[in-house]
Amino acid sequence: MGMQDIQGFENTMRSSKTFFLIFLLVLILPIQAQDPAADTTIYDLLLKNGHVIDIKNNLNGRFDIAVIGEKIHTVAENLPAYRAKKVVDVSEYYVTPGLIDIHTHFDQYGAWLNLNPDHNTLRYGVTTAVDAGSSGHEGFEKFKSETIDKARVRLLAFLNIVGAGMYGREVENDVEQMDVDAAVAMVNKHPDDIVGIKTAHYQPQDWEAIDRAVKAAEMSNSVLMVDFHPKEGRGYEELILEHMKPGNIHTHFYGRLTPQLDENKKVRDYMWKARERGILFDVGHGSGSFWFRIAVPAIKQGFLPDTISTDIHKNSIMLPRAHLNNVMSKFLNIGLTFEQIIERTTVNPAEAIRRSDLGTLDEGSTADIAILKIEEGEFAFLDSGRGKLTAKKNIRCMMTVRKGEIIWDAEGISMPEWSTAGPYSNFR
């Protein structure tokens, strides 16, 4: 073999090696890019092997959730624990998006029934609460500065069509207090905080409160929530078929004042027609608005709520114990599946208030997460009519993550035993 032949052979071999290396890189790099284990990112928090239910993303199975800062970084199987600063084994629990309660009363410095928001949300897995009309345009900015801006829970609001808000029946029945333009201006001024308009407790036999609230919601391109007591000449069928608009929410619809069932306990035809129109039906449990005697037959006939909420306030938190886990448990024991309940406390309320960024475990979204347990045993649940349901299951929040931080831990599942907890200097 001549010198030129040898050089040609060596060049061919070098080209072959180069080609082979390029070929390997083409094969390996995409695999590494898709393999979470090939990533070297350090997580601040890793929730391992929980039963994840995320309705929006069709997740219902075993996954890990990695959090960096305030955001969800990755939701995947078998993420490496060694890359996390803190690992929590949640294999015994359900992991869901942070829960959403769209009917609450937390304007502490407004209506007398209102509660502290953080203490009555975060320990139940609620990371987003919506105050349902405690304040109107006259008091909202005080509510924002003194409560909303200081709360750790994400606190949104329906603005009462009554300017003074819920300060007593006399004010709530004063049509002169229902200034549509002023309400619209306040919604437009605070679009990140106010999701819509609320009307409630109106007693006169006319449609002024409803029609003005509908108009304010339309003019501000926001959502309407209605609390309605039928009166002579002002019926419930007319409300949901003629006055309310698609996407409007009727709350308290399992209450005894709403004629949703006929004398044979059958769901009335106009309820189904209203649902076809796009009217949304919210639980709004409260101290007077959820009765097993109404809810059980309605649910057996397939008339389920669109959203599950508490109407939590100083009265409803007492005998009915209407915090969100308690209300969820009632529905679990009267026929809804756990997945249906999570749907109605995450993605459905997010859609109802037009906040698609909430109620999901989307990668890149705010790390608001609830870790829940279904307890087995003997439990008693009370309704607003002082009726009792004795049942076998109870939904309990074990841990809540808000903006990437563990903010509630019922049994210390995220914490070491005291004897291995390390020096005081590690505490913050």
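Look up a bit, the structure's there.
Residues numbered from 1 in each chain as written. Predicted model: local features only at pLDDT ≥ 70, side-chain atom pairs only at ≥ 80, totals over all residues. Heavy atoms only, no water.

If you trace the backbone, Asp 306 turns up in the loop between α8 (292-300) and α9 (324-333). Overall, Asp 306 belongs to the buried group, its relative accessible area being 19%. Polar side-chain contacts of Asp 306 include one of 3.0 Å to the side chain of Arg 275. A polar side-chain atom of Asp 306 sits 2.8 Å from the main-chain amide nitrogen of Phe 281. When neighbours within four sequence positions are excluded, Asp 306 is seen to be in contact with Arg 275, Ile 279, Leu 280, Phe 281, Arg 344 and Asn 348. (Helix = DSSP H or I, 4+ residues; strand = E, 2+ residues; numbered from the N terminus. Buried < 20%, exposed > 50% of the residue type's maximum accessible area, 1.4 Å probe, protein only. Polar contact = N/O pair within 3.5 Å; in protein donor to acceptor, adjacent residues only side chain to side chain. Contact = heavy atoms within 4.5 Å.)

It is worth spelling out the sheet that holds strand β6 (residues 99-104) at this point. The strand order β6-β7-β8-β9-β10-β11-β12 describes an open sheet built from seven strands, whose pairing is parallel. Each edge of the open sheet is held by one strand with a lone partner, namely β6 and β12 (280-282). Strand-to-strand twist of the sheet, defined as the mean angle between neighbouring strand axes without regard to direction, takes the value 25°. Direction of pairing for β6 relative to strand β7 (residues 126-132): parallel, over a ladder of four bridges. The residue bridging Leu 99 from the neighbouring strand is Val 126, located in β7. (Pairing = 2+ DSSP bridges. Axes fitted to C-alpha atoms, helices over the stretch in contact; angles between N-to-C directions.)

Our next topic: the nonpolar core. Core analysis: the biggest nonpolar cluster contains 81 residues, and Ile 197, Tyr 236, Leu 239, Tyr 254, Met 271 and Phe 331 have the highest contact counts within it. Per-element accounting of this core gives the leading share, six residues, to helix α5 (residues 208-219). The next biggest cluster of nonpolar side chains, apart from the first, holds 20 residues, and it includes Leu 47, Val 52, Leu 59 and Phe 63. (Core = buried A, V, L, I, M, F, W, Y, C linked by side-chain atoms within 4.5 Å.)

What follows covers the environment of Asp 44. Relative to the helices and strands, Asp 44 is located in the loop between α1 (3-34) and β1 (45-54). Take Asp 44: its relative accessible area is 29%, and that puts it in the partly exposed class. Sequence separation between Asp 44 and Gly 69 is 25 residues, and the spatial gap between their C-alpha atoms is 6.6 Å. If near-sequence neighbours (up to four positions away) are discounted, Asp 44 is found in contact with Val 67, Ile 68, Gly 69, Lys 85 and Lys 86.

So, about α8. Every α-helix winds through 3.6 residues per turn, so residues three or four apart in the chain are directed the same way. Within α8, burial applies to Phe 292, Ile 294, Ala 295, Pro 297, Ala 298 and Ile 299. In this structure, the buried side of α8 is in contact with α9, β13 (369-382) and β14 (388-402). After α8 finishes, the residue Gly 302 shows a positive phi value of roughly 90°.

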